[in-house]
Amino acid sequence: METRTNTAAPLGLREAKKQETRQLISDHATRLFIEQGFENTTIAEIAAASRVAKKTVTNYFARKEDLALDHQDEFSAALARVVTSRRPGESALAALRRAFEAAVAAQDPVAGFAGPDFSRMITDSPTLSACLRNLHDQREQALAEALAETVGAQPDDITVRTAAALLGATHRVLFQRIQDLTLAGHTNDDVAKTIAKEAPQAFDLLEPALHDYAIA
């Protein structure tokens, strides 16, 4: 027992230290990207600001864009996770609608509430804008796979692909709407109020086709 206890503590400390270092690098990178622009900032500058070796930065973040978009996995899996964890008797649409309402109420950054500086950083960078589009595509693909498993079909089934495309597009439009309102100078509270009114209109358009699709 003593041996296990003694080895567990250092492992925990090392993991905590790694998380601290990762967060430190990410924070400095984001600050520099906002100040200088993504394309104009180098890995060497990020390493110097973080007081770590350049190799340390690349060990934690394989790509430069990973430093700016460090919640990629969470974003890509978000819609699929909602579908797989939906309530008994709840359709995919109802679950996603409920989850989006909760995200707006919480002003979740993954839903688009990233603040004006971060949103402008993405918009002003061709690289990050392309990366964000790719993340939307990945999110739709993950959703299609979750829907396919739910209804017992293949991910390339036309009904599955169409349902995922409709649901993914609605979330993409709402995400962009949040970004646009933010860049127009509205506060998160004001944006949340506006989206809370507009989102039901978007989801209502899907009701005739998907109201009972993939019911748990």
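What this report covers is the structure whose coordinates are included nearby.

Scoring rules and cut-offs
- Position numbers for residues count from 1 along each chain, tracking the sequence in the order it is written.
- Only residues with pLDDT of 70 or above have their local features reported here, since the model is predicted, and side-chain atom pairs are shown and tallied only from 80 upward, although totals for entire chains, interfaces and linings are computed over all residues.
- Values shown for side chains rest on all heavy atoms present in the structure; no hydrogens or waters enter the calculation.
- Definition used in this section: a nonpolar core is a set of buried Ala, Val, Leu, Ile, Met, Phe, Trp, Tyr and Cys residues joined via side-chain atoms within 4.5 Å.
- Using a 1.4 Å probe on the protein chains alone, a residue whose accessible area is under 20% of its type maximum counts as buried, one over 50% counts as exposed, and one in between counts as partly exposed.
- The contact rule is simple, with two residues in contact once any of their heavy atoms fall within 4.5 Å.
- Any pair of Phe, Tyr and Trp rings, taking the six-membered ring for Trp, is counted once the centres come within 6.5 Å. Such a pair is stacked with planes under 30 degrees apart, edge-to-face with planes over 60 apart, and tilted for the rest.
- The numbering of helices and of strands both runs from the N terminus, where a helix is a DSSP run of H or I of at least 4 residues and a strand a run of E of at least 2.
- We call a charge positioned above a ring when the Lys NZ or Arg CZ atom is no farther than 6 Å from the ring centre and deviates by at most 35 degrees from the ring normal.
- In the sections that follow, a salt bridge refers to a side-chain nitrogen of Lys or Arg positioned within 4 Å of a carboxyl oxygen of Asp or Glu.

Looking at the nonpolar core
Nonpolar side chains in soluble globular proteins tend to end up buried together.
Then, in step 1: Ranked by internal contacts, the top residues of the largest apolar core, which has 34 residues, are Phe100, Leu143, Leu147, Leu167 and Ile195.
Then, in step 2: Those residues in contact with Ile195 that sit more than four places away from it in its chain are Phe100, Val104, Arg177, Ile178, Leu181 and Pro200.
Then, in step 3: Of all hydrophobic cores here, the second largest spans 22 residues; its members include Ile25, Leu67, Ile122 and Cys131.

Description of the packing of aromatic side chains
Then, in step 1: Inspection of the entire model under this criterion finds three aromatic pairs.
Then, in step 2: Ring centres of Phe75 and Phe175 lie 5.8 Å apart, and the angle between their planes is 80 degrees; on these two criteria the pair is classed as edge-to-face. A residue pair is termed long-range when its members are at least 10 positions apart, and Phe75 in helix α5 (residues 72–84) and Phe175 in helix α9 (residues 158–183) qualify at 100 residues.
Then, in step 3: Of the residues examined, Phe75 reaches a relative accessible area of 6% and is grouped as buried.
Then, in step 4: Sitting over the face of the ring of Phe38, Lys64 holds its NZ or CZ atom 4.6 Å from the ring centroid.

Some remarks on the pattern of salt bridges
Then, in step 1: Within this structure, the stated rule accounts for 10 salt bridges.
Then, in step 2: For the salt bridge of Glu140 with Arg161, the shortest nitrogen-to-oxygen distance reads 3.8 Å. Here Glu140, found in helix α8 (residues 126–151), pairs with Arg161, found in helix α9; they are 21 residues apart in sequence, far enough to count as distant.
Then, in step 3: Owing to a relative accessible area of 25%, Arg161 belongs among the partly exposed residues under this scheme.
Then, in step 4: Residues joined in a network through salt bridges with shared partners are Arg63, Glu65 and Asp66.

Taken by themselves, the reported measurements are silent on function.
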